[in-house]
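The lines below spell out each chain.
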Amino acid sequence: MSAKFNTAIFVVLLVSLSGFAQNDSLMVVLDTAQAEYKVKTLNELFRANMQSDPVKALSYTREALGLALEINDRKGIAASYNNLGVAYRNQGAFDKALEYYIKALGIFEELNNVEGVATLKNNIANIYSVKKEYGQALRYLEESYELFVQAGDQEKIIGSMNNLGNLNLDLQLYEKALKNYSQAYQLSQQHGINFPDPVNNIGNIYFRQGNYQKAIENYMKALEIERANNNRIGILNSVTNIGIAFAKAGQPKPATQYLDEAEKLVDEMQAYSFLPAILKLKSEILFKEGNSKDAYLTFIEYDSLRERIYGEESTRKIVQMELVLDFQEKEKEIDMLKKEGEIQNLQLRNSRLFIVMMILGGLIIIGVINLYFMGNKKRLIRP
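Residues numbered from 1 in each chain as written. Predicted model: local features only at pLDDT ≥ 70, side-chain atom pairs only at ≥ 80, totals over all residues. Heavy atoms only, no water.

Draft legend 1. Molecular detail of the overall build of the chain. Each helix and strand counted, the chain has 16 helices and zero strands in total. Here the chain holds 383 residues, and the buried ones make up 48% of them. Across the chain, every contact between residues at least 6 apart in sequence was considered, and the portion connecting residues at least 24 apart equals 62%. Here the chain displays about 19900 Å² of accessible surface, and carbon together with sulfur accounts for 55% of that area. (Helix = DSSP H or I, 4+ residues; strand = E, 2+ residues; numbered from the N terminus. Buried < 20%, exposed > 50% of the residue type's maximum accessible area, 1.4 Å probe, protein only. Contact = heavy atoms within 4.5 Å. Areas by Shrake-Rupley, 256 points an atom, 1.4 Å probe, with all protein chains shown as cover.)

Draft legend 2. Spatial organisation of the pattern of salt bridges. Within the structure shown, the criterion is met by 13 salt bridges. A salt bridge links arginine 47 to glutamate 44; its shortest N-O distance comes to 3.3 Å. Pair noted here: arginine 47 and glutamate 44 are both in helix H2 (residues 35-50), with a separation of three residues, about one helical turn. You can call arginine 47 partly exposed: its relative accessible area is 29%. In this structure glutamate 44 comes out as buried when scored by relative accessible area, which is 4%. In this structure, glutamate 268 engages arginine 232 in a salt bridge whose closest nitrogen and oxygen atoms are separated by 2.3 Å. (Salt bridge = Lys/Arg side-chain N within 4 Å of Asp/Glu carboxyl O.)

Draft legend 3. Region of interest: helix H9 (residues 174-190). The end-to-end C-alpha distance of H9, which contains 17 residues, comes to 24 Å, matching closely the 24 Å that a straight helix rising 1.5 Å per residue would cover. In this fold, the buried residues of H9 make contact with helix H8 (154-170) and helix H10 (197-208). (Expected span 1.5 Å × (residues − 1).)

Draft legend 4. Geometry of the packing of helix H4 (residues 74-90) against helix H5 (residues 94-110). Here H4 crosses H5 at 160°, and the two axes come no closer than 8 Å. As the angle between them shows, H4 and H5 are arranged roughly antiparallel. Crossing hand, H4 versus H5: left-handed. Contact with H4, carried on its side by Arg74, Lys75, Ile77, Ala78, Ala79, Tyr81, Asn82, Leu84, Gly85, Val86, Tyr88 and Arg89, involves Phe94, Lys96, Ala97, Tyr100, Tyr101, Lys103, Ala104, Ile107, Phe108 and Glu110 of H5 and no other residues of that element. When its residues are assigned to classes, the contact of H4 with H5 shows 14 nonpolar, two polar and six charged. (Axes fitted to C-alpha atoms, helices over the stretch in contact; angles between N-to-C directions. Parallel < 35°, antiparallel > 145°, perpendicular 65-115°, else oblique. Left-handed = near helix turned anticlockwise from the far one by under 90°. Nonpolar A, V, L, I, M, F, W, Y, C, P; charged D, E, K, R; others polar.)

Draft legend 5. Representation of the packing of aromatic side chains within the structure. The full count for this structure, using the stated rule, is six aromatic pairs. Seen from their ring centres, phenylalanine 207 and tyrosine 212 are 5.4 Å apart, and the 65° between their planes marks the pair as edge-to-face. By relative accessible area, which is 23% here, tyrosine 212 ends up partly exposed. Considering the side-chain rings of phenylalanine 246 and tyrosine 258, the 6.0 Å spacing of their centres and the 15° angle between planes classify their relative orientation as stacked. In this pair, phenylalanine 246 sits in helix H12 (residues 232-248) while tyrosine 258 sits in helix H13 (residues 252-269), placing the two residues 12 residues apart along the sequence. Here phenylalanine 246 matches tyrosine 258 in class, with each residue buried. Members of the aromatic cluster, joined through ring pairs, are Tyr81, Tyr88 and Tyr100. (Phe/Tyr/Trp six-rings, centres within 6.5 Å; stacked < 30°, edge-to-face > 60°.)

Draft legend 6. Seen up close, helix H3 (residues 54-71). Taking 1.5 Å of rise per residue, 18 residues should cover 26 Å, and H3 covers 26 Å from first to last C-alpha, within 8% of that figure. By the burial criterion, the buried members of H3 are Pro54, Ala57, Leu58, Tyr60, Thr61, Ala64, Leu65, Leu67 and Ala68. Of the residues flanking the end of H3, it is asparagine 72, one or two places downstream, whose phi is positive at about 60°.

Draft legend 7. Inspection of the nonpolar core at higher detail. Core analysis: the largest hydrophobic core is formed by 48 residues, its most contacted members being Tyr81, Tyr101 and Ile124. For this core, the leading source of residues is H5, giving 10 residues. Ala215, Ile235, Ala245 and Ala271 belong to the second-largest nonpolar core, a separate cluster that totals 31 residues. (Core = buried A, V, L, I, M, F, W, Y, C linked by side-chain atoms within 4.5 Å.)

Draft legend 8. Main features of the packing of H8 against H10. Orientation of H8 relative to H10, taken along the N-to-C sense of each, is 10°, at an axis distance of 10 Å. By the criterion of interaxial angle, the relationship of H8 to H10 is roughly parallel. Contacts from Asn162, Asn166, Leu169 and Asp170 of H8 reach H10 at Asp197, Pro198, Asn201, Asn204, Ile205 and Arg208. Here the contact of H8 with H10 is built from residues that sort into three nonpolar, four polar and three charged.

Draft legend 9. Representation of the side chain of asparagine 83 in the model. For asparagine 83, the location among the structural elements is in helix H4. Of note is the side chain of asparagine 83, whose polar atom sits 3.0 Å from the side chain of asparagine 43. (Polar contact = N/O pair within 3.5 Å; in protein donor to acceptor, adjacent residues only side chain to side chain.)

Draft legend 10. A look at the environment of lysine 38. When you line up the elements, lysine 38 lands in helix H2. Using a relative accessible area of 26% as the deciding quantity, one classes lysine 38 as partly exposed. Along the sequence, lysine 38 and alanine 68 sit 30 residues apart, while their C-alpha atoms lie 9.0 Å from each other. Look past the residues within four positions of lysine 38 in its chain and what remains in contact with it is Leu30, Ala33, Glu63 and Leu67.

Draft legend 11. Region of the structure containing the confidence of the model for the chain. Per-residue confidence for the chain gives a mean pLDDT of 80, with 74% of residues at or over 70. In the predicted structure, residues 1-9 sits below a pLDDT of 50 and forms 53 contacts with residues beyond four places in sequence or in another chain. Within the model, pLDDT remains below 50 along residues 16-21, and this stretch shows 13 contacts once partners closer than five positions in the same chain are excluded. (pLDDT = per-residue confidence, 0-100.)

Draft legend 12. Seen up close, the environment of asparagine 43. Within the secondary structure, asparagine 43 sits in helix H2. The class for asparagine 43 is buried, based on a relative accessible area of 1%. Distance in space between the C-alpha atoms of asparagine 43 and arginine 62 is 8.9 Å, their sequence separation being 19 residues. Only 3.2 Å separates the side chain of asparagine 43 from the side chain of serine 80, close enough to count as a polar contact.

Shown next, in the form of structure tokens:
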């Protein structure tokens, strides 16, 4: 969705656990909700606040996780783990996000929760895309998309189609990306879903092609929708893109204006994954304006933050999480093979028992026949 990573960012999906939609209604429900219903309500409050107040949202899902663990609400635990992954992903802590995604995926697979599995595979694909592991990203994204199609979840189908466009954009397959975005936008219009991401991402195509004016037009259109939705994460994404596009177009004044707004939103929402691109562009603008000292200091801040978010340590932790995921999958395969082996052993034991019973039955019949004939023989020779 954004040029801020020099790559398109996937839609991060949340797991819907109830029909509640309004924050005020949820707060009323929270006063009386108990046990798993309170867990659901707290996780829905995360959803309701994630885009407008991520810090408050994080506190809700942490409370949900604590309660879910206390009452052993497995679905609530998985939803909380996913939400924590979303929160950490927005903060740029990708290794931590992947850790929670993997935990949630394992639980949803145990519960045979198709929507949860599809959502987590989408979110794991997001992490791999950010790390430029496109093969793994495509694998999880295709699996996620197929599951959403099976479930008939139109909103998630649209999000996944948009994400396929993002991946094709990263691979510079612009025609495929444009087709994905156009389909996602058309579907959103057909189903009355006010979804700005495809419009924003069409702007990304123009940006990649160097047509900054057309990019800005699409980013502005997306920003208008985000403001109408009060989606502060979306607003941050759009103003960052607009600032970057203005900077690339050689218009430093509007660029600085939008980048300053973006940096303020980053601080308010602790959405630090957006910050490296903002700092890099501000450094370039300061240098072109002849302010070498501030340009240098800003670049040092950018470089330090970029290394912390995208550096080798983060990559190493993600690889470790990947190994955990692969190990879990192997364990499941082994469990299945064991179960199949147990069934085969049971069938073999039953077959053996059947054979033994047949033999015993035959022996009994033979014994009865022998007794019968012996009895008859005795009667025949009796004087």
